[in-house]
Amino acid sequence: NDKIRFSIKANTTGRASLEIYNLLGEKVKTLFVGQVQKGQVQTIEYNVPYAQRTTLIYMYRSGTEKVSGKLIGLK
């Protein structure tokens, strides 16, 4: 539970970002900022420090697309 792996398949070519937040809405870490290509899979791994192993929220943004979700029970 100390490693998170995101596999992102972009719907459009352009600039994208992936960030994680705690439940207070504070940014914990920016995992990725850069160019993505439509249809290509981008894999991003993050080794979660012990102090951050709690429920986290991720936010992926690319153009007008926004995807978010919860990472529950990291211990």
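That block above? That's the structure.
A quick note: this is a predicted structure, and the numbers were derived from the prediction, not measured.

Trainee: Explanation requested: the pattern of salt bridges in the structure shown.
Mentor: Pairing between side chains becomes possible if they bear opposite charge and their charged atoms approach one another. Counting across every chain of the model gives 4 salt bridges. K27 is paired through a salt bridge with E19; the nearest N and O atoms lie 3.1 Å apart. For E19, a relative accessible area of 10% gives the class buried. Residue R61 is joined to E19 by a salt bridge in which the shortest nitrogen-to-oxygen separation is 2.9 Å. A residue pair is termed long-range when its members are at least 10 positions apart, and R61 in strand 5 (residues 56-62) and E19 in strand 2 (residues 14-21) qualify at 42 residues.

Trainee: So what exactly am I meant to see when it comes to the nonpolar core here?
Mentor: Most often, soluble globular proteins keep nonpolar side chains buried together rather than apart. Among the nonpolar cores identified, the biggest contains 16 residues, and F6, L18, L31, I44 and Y60 are the most heavily contacted of them. Contributing elements (two or more residues each) for this core: strand 1 (3-9), strand 2, strand 3 (27-36), strand 4 (41-47) and strand 5. Leaving out residues up to four positions away in the same chain, L18 has contacts with F6, I8, K29, T30, L31, F32, I44, Y58, M59 and Y60.

Trainee: Would you explain the pairing of strand 5 in this entry?
Mentor: Sheet faces and side chains relate simply in a regular strand, where the side chains alternate between the two faces. Relative to strand 5, strand 2 is paired through 6 bridges, and the arrangement is antiparallel. Paired with S17 across the bridge in strand 5 is R61. As judged from the 7 bridges shared by strand 5 and strand 6 (residues 65-71), these two strands associate in the antiparallel manner. Within strand 6, the residue paired with L56 across the bridge is L71.

Calculation criteria
- Residues numbered from 1 in each chain as written.
- Predicted model: local features only at pLDDT ≥ 70, side-chain atom pairs only at ≥ 80, totals over all residues.
- Heavy atoms only, no water.
- Salt bridge = Lys/Arg side-chain N within 4 Å of Asp/Glu carboxyl O.
- Buried < 20%, exposed > 50% of the residue type's maximum accessible area, 1.4 Å probe, protein only.
- Helix = DSSP H or I, 4+ residues; strand = E, 2+ residues; numbered from the N terminus.
- Core = buried A, V, L, I, M, F, W, Y, C linked by side-chain atoms within 4.5 Å.
- Contact = heavy atoms within 4.5 Å.
- Pairing = 2+ DSSP bridges.

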